[in-house]
Amino acid sequence: MVKKYVVSFSEVDKEDVGLVGGKGANLGEMSKAKFPVPPGFIVTAHAYYYFLKENNLLDEIKRILKSVDVDKPDQLNHVSLAVKKLIVSSPIPHKISKLIAFEYAKLAGLGVLDVAVRSSATAEDLPSASFAGQQETYLNVSGETNVILKVRECWASLFEARAIFYRAKNNFDHFKVGIACVIQKMIQSEASGIMFTIDPVTNDKTKIVVESILGLGELIVQGAVTPDHYEVSKDNLKINNKVIGLQDRRMIKYKNGNKTQNLSPQLKKNPKVSDNLILQVAKLGKLIEKHYYFPQDIEWAIEKNKVYIVQSRPITTISATENKKEDAQKIEALIEHKLKTVLAGQPASPGIASGPAKVIHSAKELNRIKNGDILVTTMTNPDYVPGMKRACAVVTDEGGRTAHAAIVSRELGIPAVVGSKEATRKLKTGLVYTVDGSKGIIYAGGLPNEARKIVDASILNNSYSQRDVTTPKIKTATKIYVNLAEPEKAKEIAQKNVDGVGLLRAEFMISQIGKHPKYFIHQHKEKEYVSKLVEGLKTFAESFSPRPVIYRATDFKTNEYRNLIGGKDYEPQEPNPMLGYRGCFRYIHDPKVFALEIEAIKTVRNKHGFKNLWLMIPFVRTVKELIEVKSLLHANGLARSSNFKLLMMVEIPSNVILLEKFIEAGIDGVSIGSNDLTMLILGTDRDNSEVAEEYDERNEAVLWALERIVKTCLKKGITASICGQAPSDYPDLTEKLVAWGITSISVNPDVIDLTREIVAAAENKLLKK
């Protein structure tokens, strides 16, 4: 196989991380998917390794790195400088420089003279780790000679002190992490920013967080300025919260480089971007997350009123904050009562920690940061990471929730407060403070003794003990189920006051498997696919046993299936996948794939003994389809019984109209898919910002359908449930559902307790009538 040293975006996709790094692979993937990515090309990791080989650099670099102690900053910096000097003083092979010059000339032919040269490490932006910001980026580079020289400087930046430190601490082999270089049209941003497709502090998946500044994006990434902050509902793309930051300067192109420019008082306080453009950015974020099936951290830019996506990577900090909510709430209450507030800023990384403050003004002072200190500084950059690893919390003057200090603190699992404006002036070195990263508050003094009883011995690492947390359990006649998808969360959520899993989505598990089921069938590896699915299903069934776990069979649409490895070979391209080849119809016309799912369910139930695993069939258009899919189940050895329940999603108007006939065909219960049902009844697309305002589960037509479903099920003696956010968003709707006789309500994990309280109140209200 011929090794490629330079490739265009159109030649790579998300599977090519080993060749072009995370940044390059994602830009190729998004470019192919027709997202608005500026044009460019990539100098591959093969070129980097060829450069090392031609100059005989490997042995010398190994010799320099051999004795370094990465915990000693001076030694680390000395070694870093030596390796970088060795690289930048070595010649670039002619065949590589010639290819770079040729591709740059093609961009110039399109009128692109100024480019960004961005490093893209081949282990970068993987779901298990984030290499963000460790290597260099060069903006507004023009001329083929300068581009070639900047590529070499990118290669050298693989051995920045911060990058050497990170690899050493995370057990990455220095020579198995390569580097590619992205050369891309430079967007002369009037405004730019960062977007997270979940709330990065609370992990709220219903929000998209967008932060924006004027000028080039470097200042927001560095945390050098305080951005405007927007929280957008992922459901209906409406702005729910907007905070305008006071940006004092911006970065702009200047001659052959960049410069910072002070802003006028009026520009400082004005919104940096119109609401309409923020919503355009958020909509792109929602589509990108949907494309990847994983929350994304996205960099964007606006030039001449057009939005461009310049980078997307998976958010790597989700699990780090998921377990601490209940403990943190108890501790927060005690702190507010006992301690005095000294300073407030933006909440950036959740958790609470106490320790002595150490105020520093540059990375050169990191040797002053000891284990358990609170690191206080103007802003952080990647050079600060060794000190942040020793700190129990971080507080900065500048930056927003998307700044370097915020992102790295979340990854490290330590609390952080950013954008406080005067931390370096107000907080005093040596004095003890308590930092609440969830609320953005710094208190004078250490944790009160009562709070310490809740926290285990590893408080300085912000790891809260669950054993001391006891919450009185509310009981309700209406069962409260949970919607789940990720196996790694099953054990934790199973500890909550929840009656079972009302909606276990298959899609996340299938995405983790990563390959199209037909790909396994074609490779004669059906057992491997079944085994992987069994592993996930067993985790849920075991964690919740004996409570029911209702598995919704795969409901991938064709455009979603196409994103799996091999998917393009088996999936048609449809103009409207939502109404296309999906759900029950797919099982009937593709019984071999459905048989694999059935086999996995049987294995969990029969071999592993978890009889609490039940099945729900989605998107059943006709009664005939339901009868046919039941025949398939029976033929594959899975039939309704006293301990195996078969349910159906009610999400199509035909399900409501002909519900009695569906029930007569033989099902044990239904679950209302309120999202699809509302869209199909109202003929509106909640993902389309132009018409999303018409989407409302409380519309009288939708309420009529919900009442008919619940009362019909009650009359026919089967269970009726609803899965979605609506019952916890609208207490008045919950009251109606309870009054009509709904059997259960299934919600996302973060609103289990809230929904239980709403249902309890609704039931008590009924009893008093």
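Cut-offs and rules
- Residues numbered from 1 in each chain as written.
- Predicted model: local features only at pLDDT ≥ 70, side-chain atom pairs only at ≥ 80, totals over all residues.
- Heavy atoms only, no water.
- Axes fitted to C-alpha atoms, helices over the stretch in contact; angles between N-to-C directions.
- Helix = DSSP H or I, 4+ residues; strand = E, 2+ residues; numbered from the N terminus.
- Parallel < 35°, antiparallel > 145°, perpendicular 65-115°, else oblique.
- Left-handed = near helix turned anticlockwise from the far one by under 90°.
- Contact = heavy atoms within 4.5 Å.
- Nonpolar A, V, L, I, M, F, W, Y, C, P; charged D, E, K, R; others polar.
- Buried < 20%, exposed > 50% of the residue type's maximum accessible area, 1.4 Å probe, protein only.
- Pairing = 2+ DSSP bridges.
- Polar contact = N/O pair within 3.5 Å; in protein donor to acceptor, adjacent residues only side chain to side chain.
- Phe/Tyr/Trp six-rings, centres within 6.5 Å; stacked < 30°, edge-to-face > 60°.
- Lys NZ or Arg CZ within 6 Å of the ring centre and 35° of its normal.

1. A closer look at the packing of helix H28 (residues 700-716) against helix H30 (residues 731-740)
In a packed pair of helices, the relevant descriptors are the angle between the two axes and the axis-to-axis distance.
Then comes step 1: Contact geometry of H28 with H30 gives a least axis separation of 9 Å together with a crossing angle of 30 degrees. One element, H28, and the other, H30, form an angle in the roughly parallel class. Relative to H30, the crossing made by H28 is right-handed. Where H28 approaches H30, its residues Leu-703, Leu-706, Glu-707, Val-710, Lys-711 and Leu-714 are matched on the opposing element by Leu-733, Lys-736, Leu-737 and Trp-740.
Then comes step 2: Of the residues contributing to the contact of H28 with H30, the split by class is seven nonpolar, no polar and three charged.

2. Observations regarding the pairing of strand S26 (residues 646-650)
Then comes step 1: Within S26, five of the five residues are buried, which leaves the element mostly enclosed by the surrounding structure.
Then comes step 2: Residues of S26 alternate between two faces, with Leu-646, Met-648 and Val-650 on one and Leu-647 and Met-649 on the opposite face, all of them buried.
Then comes step 3: Here strand S25 (residues 613-617) runs beside S26; their pairing, made up of three bridges, is parallel. By the bridge assignment, Ile-617 is partnered in S26 with Met-648.

3. Concerning the side chain of His-174
Then comes step 1: Examined against the element boundaries, His-174 turns out to sit in the loop between helix H7 (161-169) and strand S5 (179-185).
Then comes step 2: The exposure class assigned to His-174 is buried, which follows from its relative accessible area of 17%.
Then comes step 3: There is a polar contact of 2.9 Å between the side chain of His-174 and the side chain of Arg-167.
Then comes step 4: Those residues in contact with His-174 that lie beyond four places of it in its chain are Leu-65, Ile-164, Arg-167 and Ala-168.

4. A look at helix H2 (residues 45-54)
Then comes step 1: Every buried residue belonging to H2 is among Ala-45, Ala-47, Tyr-48, Tyr-50, Phe-51 and Leu-52, and all of these are buried.
Then comes step 2: Positive backbone phi, at 55 degrees, marks Asn-56, one or two positions downstream of H2.

5. Concerning the environment of Gly-111
Then comes step 1: Mapped onto the elements, Gly-111 comes out in the loop between helix H5 (94-109) and strand S3 (114-121).
Then comes step 2: Residue Gly-111 is classed as exposed on the basis of its relative accessible area, which comes to 60%.
Then comes step 3: When the C-alpha positions of Gly-111 and Lys-185 are compared, they lie 9.6 Å apart, and in sequence the two are 74 residues distant.

6. Concerning the packing of aromatic side chains
Then comes step 1: For the structure shown, the criterion picks out nine aromatic pairs.
Then comes step 2: Each ring, one from Tyr-48 and one from Trp-155, has its centre 6.4 Å from the other, and the planes form 55 degrees; the classification is tilted. One end of the pair, Tyr-48, is in helix H2; the other, Trp-155, is in helix H6 (residues 144-156), and 107 residues separate them in sequence.
Then comes step 3: For Trp-155, a relative accessible area of 0% translates into the label buried.
Then comes step 4: Seen from their ring centres, Phe-51 and Trp-155 are 4.7 Å apart, and the 35 degrees between their planes marks the pair as tilted. One end of the pair, Phe-51, is in helix H2; the other, Trp-155, is in helix H6, and 104 residues separate them in sequence.
Then comes step 5: Looking at Phe-51, the relative accessible area reads 0%, which means it is buried.
Then comes step 6: One cation-aromatic arrangement involves Arg-582 over Phe-619; the distance from NZ or CZ to the ring centre is 3.7 Å.

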